[in-house]
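# Structural overview
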Amino acid sequence: MDMIMYLFIALICFNVAAKIFNSEERNKVFNKRPIEVVDVKKYNKYCGTLVIVFCFAAEFTLFVGKIFGGWVNVVSPLFLIGEAVGVMFIYNRIEIKMLKKR
């Protein structure tokens, strides 16, 4: 059952990343409001890479939690939340850097 969960998470993340990498316009994964970026391809590359990195980090965290069990398995969701906050922090930095200057 665990292997199915890991595979499902990986497939979802890689599917989202593939859609981002192949998009010709600005993706809307991290930011729902319309923004104008300097280079759409570079912006999508950064966002797709963030999704893949988060996928690997999430898979690793869940795997370690399952291996060690006990309290580590209980704390794993907190690490996932921390990873998501970290990804959003990195995205905000990228967004500031990529926004068109007026």
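Structure shown above.
Residues numbered from 1 in each chain as written. Predicted model: local features only at pLDDT ≥ 70, side-chain atom pairs only at ≥ 80, totals over all residues. Heavy atoms only, no water.

### Some remarks on the side chain of glutamate 59
The condition is simple: We count a stretch as a helix when DSSP gives it H or I for four or more residues in a row; a strand needs E for two or more, and each element gets its number in order from the N terminus. Relative accessibility under 20% of the residue-type maximum defines a buried residue, over 50% an exposed one, and the middle range a partly exposed one, all with a 1.4 Å probe and only protein chains included. Counted as positive: Lys and Arg. Counted as negative: Asp and Glu, with His and the chain ends omitted from the count. By definition, a salt bridge exists where a carboxyl oxygen of Asp or Glu is found within 4 Å of a side-chain nitrogen of Lys or Arg. Residue contacts are defined here by distance: any two heavy atoms, one from each residue, within 4.5 Å place the two residues in contact.
In this structure, glutamate 59 sits in helix α2 (residues 40-68). For the buried glutamate 59, no salt bridge exists, and the shortest N-O distance to an oppositely charged side chain is 13 Å, to lysine 66. Apart from residues no more than four positions distant in its own chain, glutamate 59 is found in contact with Tyr6, Ile9 and Ala10.

### Re the packing of aromatic side chains
Note the cut-off: Working definition: a ring pair exists when centres of Phe, Tyr or Trp rings (six-membered ring for Trp) sit within 6.5 Å. Plane angles under 30 degrees give stacked, over 60 give edge-to-face, the rest tilted.
Across all of its chains, the model carries three aromatic pairs by this definition. With centroids separated by 6.4 Å and ring planes inclined at 65°, the aromatic side chains of tyrosine 6 and phenylalanine 63 adopt a geometry described as edge-to-face. Of the two residues, tyrosine 6 sits in helix α1 (residues 2-22) while phenylalanine 63 sits in helix α2, which places them 57 residues apart along the sequence. For tyrosine 6, a relative accessible area of 12% gives the class buried. With a centroid separation of 6.2 Å and 70° between ring planes, the pair formed by tyrosine 43 and tyrosine 91 is classed as edge-to-face. Taken together, the residues tyrosine 43 in helix α2 and tyrosine 91 in helix α3 (residues 70-98) connect sequence positions 48 residues apart. Here the two residues tyrosine 43 and tyrosine 91 agree in accessibility, since each one is buried.

### A few points about α2
Where we set the bar: One less than the residue count of a helix, multiplied by 1.5 Å, gives the span that helix is expected to have. By the criterion applied in these results, polar contacts are pairs of N or O atoms within 3.5 Å in which, for protein atoms, one can donate a hydrogen and the other can accept it, and in which residues neighboring in sequence qualify only through two side-chain atoms.
Counted at 1.5 Å a residue, the expected span for α2 with its 29 residues is 42 Å, and the 42 Å between its end C-alpha atoms agrees. Where α2 begins, the side chain of aspartate 39 points an oxygen toward the backbone nitrogen of lysine 41, at a separation of 3.4 Å.

### Things to note about α3
Every α-helical turn comprises 3.6 residues, leaving residues that sit three or four positions apart pointing alike. Between its first and last C-alpha, α3 extends 43 Å over 29 residues, near the 42 Å set by a 1.5 Å rise per residue. All of the buried residues along α3 are Val72, Ser76, Val87, Tyr91, Ile94, Glu95 and Met98. The inward-facing, buried residues of α3 contact α2.

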